[in-house]
Amino acid sequence: MAKRIDVSGLSAYYGSFKGIEDISMTIEPRSVTAFIGPSGCGKSTFLRTLNRMHEVIPGARVEGKVMLDDENLYGPGVDPVAVRRTVGMVFQRPNPFPTMSIYDNVVAGLRLAGVRKKPLLDEVVEKSLKGANLWNEVKDRLNKPGAGLSGGQQQRLCIARAIAVEPQVLLMDEPCSALDPISTLAIEDLIGELKSRFTIVIVTHNMQQAARVSDRTAFFNLAGVGQPGRLVEIDDTQRIFSNPSVQATEDYISGRFG
Amino acid sequence: MDTPSPTVPQDRDGPYGPHQTSHGHAAHGQTPVELPAELPAALAEATGQRGVTAPPKARNRIGDTLFLAASRGSGILLLVIMAAIAVFLGWQASKSLSSNTGHFFTTFEWNPDATPPVFGIAVLLFGTVVSAVIAMAIAVPVAVGIALFISHYAPRRLAQPIAYLVDLLAAVPSIVYGLWGALFLVPHLDGLTAWMNDYLGWTHLLSQSDGVSGSAPRNLFTVGILLAIMILPIITAVSREVFKQAPRMHEEAALALGATRWEMIRTAVLPFGRPGVISASMLGLGRALGETMAVATVLSPSDKLNLHLLDPGGGTFAQNIAAKFGEAFDNGRSALIASGLMLFVITLLVNAAARLIIARRKEFSGANA
């Protein structure tokens, strides 16, 4: 299921403003890669270029190449809608559809893809909710609104919704920043389980979290005020946190700036 | 959790020192922000609590009291006005209803000033409901389409002028629509009427009786089209505002699941906007049910209840009141007021039904997200 992502020379623009510049990196399949860096350095922007969500903002565009195994996501004739079905995403604030039940939320992606068979949908709901460690808490109220769950449960519902369509890659944009420590722990455990099936990329401001859940860590930084964000370095998480090769990384994770 | 666990970030006093705590900043020479020394005293002065020994007492704040009184008063006043209207209409109507020798609901003719008085609302009720239904059937889908175009499809440079134009249309007085309907729409609907008679005549509803085929289409169908044009702007304007409120995060959630633009709208925008569209439609329906001048200028009224909607004739409550009030005597006026009361009741029933539809799915409204 999981695929390797190979990014080369990627820049992203908001209108005439360049948000990130010339980013190249390889993201390994079946592993967790964490993006860290100060606010506004382009982590989220870069994450959103990986499933072509960046371009839904009016005036936004992307230059460069993102290879998913051997397919360029920005190649000519590639349908962004198809890309987003392959590369799932979980957002910073839990965003289950408020007009839908828990059940309908989980199968929303499948329904968009045209799956209508009730037994199949039932099976996917159970499997995805179990996969998101939410099944036991909601199995008796699948027809209740998804917005009635707690924040942590909503976020796990969103993860269930994302994995229900069996994506190759799962992108997570600060998935725990709106959650309490217990819910955060539940999501982190879940990420550890999910990485056996998916390629996971997670943006986080919490460096303990990056250290706990990720195998590789990428550090992003701004070249200066008003300058685009850049990738400073990417390496094994253990190495980034113990012996990074760039001074700025060490300054950032030790709290000397940012 | 089989990741390697580096020691540094978990250990606050590791080789890189403390981080992400206030100590971290202090260690780098930043002093905490000092509040001005006189601030606590000034706050105490402003809130009327001098000294810190006694716990603060609840105070009556004049602004809260005034606002509560004003809003409660407005609410009560609204109910009083509604009740007063209903009582007035009922009282005025009762005089003619007791002397009516026809049946109020099933009699076709309208002769309340004859001796003995005979009148009924069958034709008016039919005409009002049919023209409003035709208007809604045309206006609601078109209005939702225009609203979605403005809120989600059109580039901003195009959306702004269109939105402005729609708002402008909503402000055109109904007599202007009426004149346009009588002088332009009626002559130009000849062709469409003949075409519908030829090809949709089998539906019976959309056909002309043999005796009147070819006459000017001063009929309920034309009235329905004119009403649709009249209520389009208000439904569009309100729906557009509701669609624009659809949360960005739910739209992105749909897009990230692989929804096309239309699928995103169907998943995240339309369900969210549903109660708003229903409310907007009720505003439009209210105008369609009560429209007077536009109907009076287009329709050629008669006391016939005719299921051929393309036949000239029929009438609506408001049109009938406008046409007959001037030359009505006591009993005639009272009868017209009785018909007005019916319009009032119909409007209340329709609104209540709409409220019920909205309330039925309150849990899923999106308001609690």
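Residues numbered from 1 in each chain as written. Chains lettered and ligands numbered in written order. Predicted model: local features only at pLDDT ≥ 70, side-chain atom pairs only at ≥ 80, totals over all residues. Heavy atoms only, no water.

Peer 1: So what exactly am I meant to see when it comes to the interface of chain A and chain B here?
Peer 2: Bring the parts together and some accessible area is lost; that lost area is often taken as the interface size. Facing 49 residues of chain A, the contacting portion of chain B comprises 37 residues. At the surface where chain A touches chain B, the tally comes to 2 salt bridges. Taking the shortest distance from any N to any O, the salt bridge between A:Arg48 and B:Glu252 comes out at 2.8 Å. Linking chain A with chain B are 4 residue pairs in polar contact (both at pLDDT 80 or more), by the criterion used here. For the side of chain A that touches chain B, the elements supplying multiple residues, two or more each, are α2 (80-86), β6 (87-90), α4 (108-112), α8 (181-194), α9 (207-213), α10 (237-242) and α11 (247-253) of chain A. Looking at the side of chain A that touches chain B element by element, the count peaks at 5 residues for α9(A). (Contact = heavy atoms within 4.5 Å. Salt bridge = Lys/Arg side-chain N within 4 Å of Asp/Glu carboxyl O. Polar contact = N/O pair within 3.5 Å; in protein donor to acceptor, adjacent residues only side chain to side chain. Helix = DSSP H or I, 4+ residues; strand = E, 2+ residues; numbered from the N terminus.)

Peer 1: Just checking my understanding: could you explain a nonpolar patch on the surface for this structure?
Peer 2: Residues and elements named next belong to chain B. On the surface, a nonpolar cluster with roughly 450 Å² of combined accessible area is contributed by Ile175, Val176, Leu179, Leu183 and Met293. Tallying contributions element by element places helix α6 (residues 174-188) first for the nonpolar patch, with 4 residues. Tracing the backbone shows Val176 in helix α6. (Patch = residues over 30% accessible without salt bridge, like charges linked within 9 Å, V, L, I, M, F, W, Y side chains within 5 Å. Areas by Shrake-Rupley, 256 points an atom, 1.4 Å probe, with all protein chains shown as cover.)

Peer 1: It is not clear to me how the packing of helix α3 (residues 62-99) of chain B against helix α13 (residues 330-360) of chain B should be interpreted in this structure. Could you clarify?
Peer 2: The axes of two packed helices give the description: the angle between them and the distance between them. Residue and element names in this part refer to chain B. α13 packs onto α3 with a crossing angle of 135° between their chain directions and a minimal axis gap of 7 Å. When the axes of α3 and α13 are compared, the pair comes out oblique. Considering how the two elements wind past one another, α3 and α13 form a crossing that is left-handed. Contacts from Met82, Ile85, Ala86, Leu89, Gly90, Gln92, Ala93, Lys95, Ser96, Leu97 and Ser99 of α3 reach α13 at Asn331, Ser334, Ala335, Ile337, Ala338, Gly340, Leu341, Phe344 and Leu348. Taken together, the residues that form the contact of α3 with α13 break down as 12 nonpolar, 7 polar and 1 charged. (Axes fitted to C-alpha atoms, helices over the stretch in contact; angles between N-to-C directions. Parallel < 35°, antiparallel > 145°, perpendicular 65-115°, else oblique. Left-handed = near helix turned anticlockwise from the far one by under 90°. Nonpolar A, V, L, I, M, F, W, Y, C, P; charged D, E, K, R; others polar.)

Peer 1: Even after reading the chapter, I still don't get the packing of aromatic side chains, so can you show me in this structure?
Peer 2: Here the distance between the centres and the angle between the planes together describe a pair of aromatic rings. All names here are of chain A. Using the criterion set out here, one finds 9 aromatic pairs over all chains in the structure. With a centroid separation of 5.7 Å and an interplanar angle of 45°, the aromatic rings of Phe46 and Phe220 are classed as tilted. Taken together, the residues Phe46 in helix α1 (residues 43-49) and Phe220 in strand β9 (residues 216-222) connect sequence positions 174 residues apart. For the pair formed by Phe46 and Phe220, the shared burial category is buried. (Phe/Tyr/Trp six-rings, centres within 6.5 Å; stacked < 30°, edge-to-face > 60°. Buried < 20%, exposed > 50% of the residue type's maximum accessible area, 1.4 Å probe, protein only.)

Peer 1: Would you explain the layout of surface pockets in this entry?
Peer 2: Regions of empty space are outlined by a rolling probe, equal in size to a water molecule, passed over the atoms. As a volume, the largest pocket reaches approximately 800 Å³. If you go around the largest pocket, you meet 25 residues; those closest to its centre are A:Pro58, B:Ser151, B:His152, B:Arg248 and B:Arg261. Every element with two or more residues in the lining of the largest pocket is listed here: α2 of chain A together with α4 (122-153), α5 (156-170), α8 (220-244), α9 (248-256) and α10 (261-290) of chain B. Residue composition of the lining of the largest pocket, grouped by class: 14 nonpolar, 4 polar and 7 charged. (1 Å grid on protein atoms, 1.4 Å probe; cavity = no way out; pocket = protein on both sides within 12 Å on 5 of 7 lines; lining within 4 Å. Points joined across faces, edges and corners; volume = space filled by probe spheres on them.)

Peer 1: So what exactly am I meant to see when it comes to the confidence of the model for chain B here?
Peer 2: Predicted coordinates in areas of low pLDDT are best not read in detail. Residue and element names in this part refer to chain B. Mean pLDDT for chain B: 84, with 87% of residues reaching 70 or above. Element-level pLDDT for chain B is lowest in helix α1 (residues 22-27), with a mean of 41, against a maximum mean of 95 in α4. Long-range and interchain partners of residues 1-29, a stretch whose pLDDT sits below 50, account for 46 contacts in this model, where long-range means more than four residues apart. Interface scoring of the predicted complex returns ipTM 0.91; its pTM is 0.81. (pLDDT = per-residue confidence, 0-100.)

Peer 1: Would you take a moment to explain unusual backbone geometry for this structure?
Peer 2: Trans is the prevailing form of peptide bonds, just as negative phi is the prevailing case for residues other than glycine. Look at the link from B:Thr115 to B:Pro116: it is a cis peptide, with omega at -5°. Turning to its location among the elements, B:Pro116 is positioned in the loop between β1 (110-111) and β2 (118-119). Residue A:Arg52 is not a glycine yet carries a positive backbone phi of 60°. Structurally, the position occupied by A:Arg52 is in the loop between α1 and β4 (60-68).

Peer 1: For this particular structure, what's the right way to read the pattern of salt bridges?
Peer 2: It is possible for side chains bearing opposite charge to pair when their charged atoms get close. Tallying each qualifying case throughout the model produces 21 salt bridges over all chains. Here A:Arg52 and A:Glu55 are joined by a salt bridge, their closest N and O atoms 3.1 Å apart. The class of A:Arg52 is buried, set by a relative accessible area of 11%. Judged by relative accessible area, which is 25%, A:Glu55 ranks as partly exposed. For B:Glu241, the salt bridge goes to B:Arg240, with nearest N and O atoms at 3.2 Å. Judged by relative accessible area, which is 37%, B:Glu241 ranks as partly exposed.

Peer 1: What is the right way to look at the pairing of strand β8 (residues 199-203) of chain A in this model?
Peer 2: Moving residue by residue along a regular strand, the side chains alternate between the two faces of the sheet. Residue and element names in this part refer to chain A. Summarising burial for β8: 5 of the 5 residues are buried, a large majority. The two faces of β8 match: Thr199, Val201 and Val203 on one face and Ile200 and Ile202 on the other face are all buried. The pairing of strand β3 (residues 32-36) with β8 spans 4 bridges and is parallel. Considered in β8, the bridge of Ala34 is made with Ile202. Two elements, strand β7 (residues 169-173) and β8, share 5 bridges in a ladder whose sense is parallel. Its bridge partner lying in β8, Val169 is registered against Thr199. Assessed by its sense of winding, the connection that carries the chain from β7 through α8 to β8 is right-handed. (Pairing = 2+ DSSP bridges. Right-handed = clockwise from strand over helix to strand, strands pointing away.)

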